[in-house]
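A structural walkthrough
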Amino acid sequence: MSNQNIYDSDIFFKGYKELRAGAANYNDLLEQPAMTKLLPDLNGKTVLDLGCGYGHNCIDFVRRGSKSVVGVDISKKMLAVAKSESNDEKIEYINMSMTDISKLNKTFDFIYSSLAFHYIEDFDSFAKDMYSVLNAGGQLLFSQEHPIITATVDGNGHFNKNPKGEKISYTFSNYNEPGERKIHWYVDGVIKYHRTFSGVVNALTTAGFVIEEINEPVPEDRAIKELPAIVKEYIKPNFLIVKARKV
């Protein structure tokens, strides 16, 4: 499994931080609102946040009544921000790869992850690891880049425009060729992994999960008003969100 830690690159970290600090971004206007709607009741629950980043979700889980929260991230820079901005006695931040969660020697009622699983190389094995650290009846909620986005080998999927310059369709390729994708995102050589929609679902069900809900979020009117360009999400989805349960 890949343990690439691109977030500790100074150039990448600076660019990503500026992106998230922007008043209008896809995370805050599209992905996070959709994820929040799918959160279960967390009162008294133990939570594992994989790829916790700045810890904003960790502190939110505490506010929602979680008994304890473990935030895991491979980036020391991200965790430094988390410990500064999202600190609480109920939260433990651990610097480690998501793929090493079996080493935590703990089980949880709820596993959460926001836009991190497309960095996992062997998702089939990882799904089994997540299942093993969930308590019976525990739930998993995660988002990742949509397979339509990760598909094209060179990362150059693109919108097509009509004579008026309006986006009308989206072109991508290599969908049924799962595997590594090396792209430029602030820096060269960012490694992500593409898997098909069925590949994601089958990995989860093979591990034992029961799928509860799948969401490919579209922007609400408020988001379109704040960021008009986001309306292109009606042409193709940017994110895939999955909610599942351990029986």
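Attention here is on the structure that accompanies the text.

Scoring rules and cut-offs
- Residues numbered from 1 in each chain as written.
- Predicted model: local features only at pLDDT ≥ 70, side-chain atom pairs only at ≥ 80, totals over all residues.
- Heavy atoms only, no water.
- Core = buried A, V, L, I, M, F, W, Y, C linked by side-chain atoms within 4.5 Å.
- Buried < 20%, exposed > 50% of the residue type's maximum accessible area, 1.4 Å probe, protein only.
- Helix = DSSP H or I, 4+ residues; strand = E, 2+ residues; numbered from the N terminus.
- Contact = heavy atoms within 4.5 Å.
- Pairing = 2+ DSSP bridges.
- Axes fitted to C-alpha atoms, helices over the stretch in contact; angles between N-to-C directions.
- Salt bridge = Lys/Arg side-chain N within 4 Å of Asp/Glu carboxyl O.
- Phe/Tyr/Trp six-rings, centres within 6.5 Å; stacked < 30°, edge-to-face > 60°.

**Notes on the nonpolar core**
- Residues L48, L50, F123 and M130 are the most contacted members of the largest nonpolar core, which totals 31 residues.
- Elements represented by at least two residues in this core include exactly β1 (46-50), β2 (68-73), β4 (108-114), α5 (123-132), β5 (134-145), α7 (197-207) and β11 (239-246).
- Considering every element that reaches this core, the biggest residue donor is α5, with five residues.
- Those residues in contact with L48, other than ones at most four positions away along the chain, are V70, V72, I101, L104, F108, F110, I111, Y112 and V133.
- One finds V62, L79, A82 and Y112 within the second-largest nonpolar core, a separate group that totals 20 residues.

**Describing the pairing of strand β6 (residues 158-161)**
- Bridge count for β6 against strand β7 (residues 167-171) is four bridges, and the pairing is antiparallel. Its bridge partner being in β7, K161 is matched across the sheet by K167.
- The antiparallel hairpin formed by β6 and β7 contains five residues in its connecting segment, where G165 sits at a positive phi of about 85°.

**Here we look at the sheet that holds β5**
- Judged by pairing direction, the sheet is mixed, and its seven strands sit side by side in the order β3-β2-β1-β4-β5-β11-β10 without closing on themselves. Each edge of the open sheet is held by one strand with a lone partner, namely β3 (91-95) and β10 (209-215). Mean inter-strand twist for the sheet, computed between neighbouring axes without regard to direction, equals 15°.
- With seven bridges connecting them, β5 and β11 associate as antiparallel partners. Bridging across to β11, F142 finds its partner in V242.
- Lying over the sheet, α7 contacts β5, β10 and β11, oriented at roughly 150° with respect to β10.

**Brief notes about unusual backbone geometry**
- Backbone geometry places N105, a non-glycine residue, at a positive phi of 55°.
- Its place among the elements puts N105 in the loop between β3 and β4.
- Residue N174 is not a glycine yet carries a positive backbone phi of 65°.
- By the element assignment, N174 lies in the loop between β7 and β8 (179-185).
- Given a relative accessible area of 22%, N174 falls into the partly exposed group.

**Brief notes about the environment of K83**
- Structurally, K83 can be placed in helix α4 (residues 76-85).
- Residue classification places K83 among the partly exposed positions, given a relative accessible area of 49%.
- Spatially, the C-alpha atom of K83 lies 7.5 Å from that of Y93, the residues being ten residues apart in sequence.

**Here's the deal with the pattern of salt bridges**
- The tally for this structure, following the rule as stated, stands at eight salt bridges.
- The shortest N-O distance in the salt bridge between K192 and E145 comes to 2.6 Å. Pair noted here: K192 is in strand β9 (residues 187-194) and E145 is in strand β5, with a separation of 47 residues, a long-range link. Note on accessibility: K192 and E145 belong to one class, buried.
- One salt bridge connects R245 with E212, and the closest N-O pair in it is separated by 2.7 Å. Linking R245 in strand β11 with E212 in strand β10, this pair joins segments that are 33 residues apart in sequence.

**Here's the deal with the packing of aromatic side chains**
- Within the structure shown, the criterion is met by twelve aromatic pairs.
- Where F117 meets F126, the ring centres are 5.1 Å apart and the plane angle is 85°; that geometry is what we call edge-to-face.
- On the accessibility criterion, F117 (0% relative accessible area) is buried.
- Geometrically, the ring pair formed by F159 and Y170 is edge-to-face, given 5.0 Å between the ring centres and 70° between the ring planes.

Shape descriptors only; they carry no functional weight alone.
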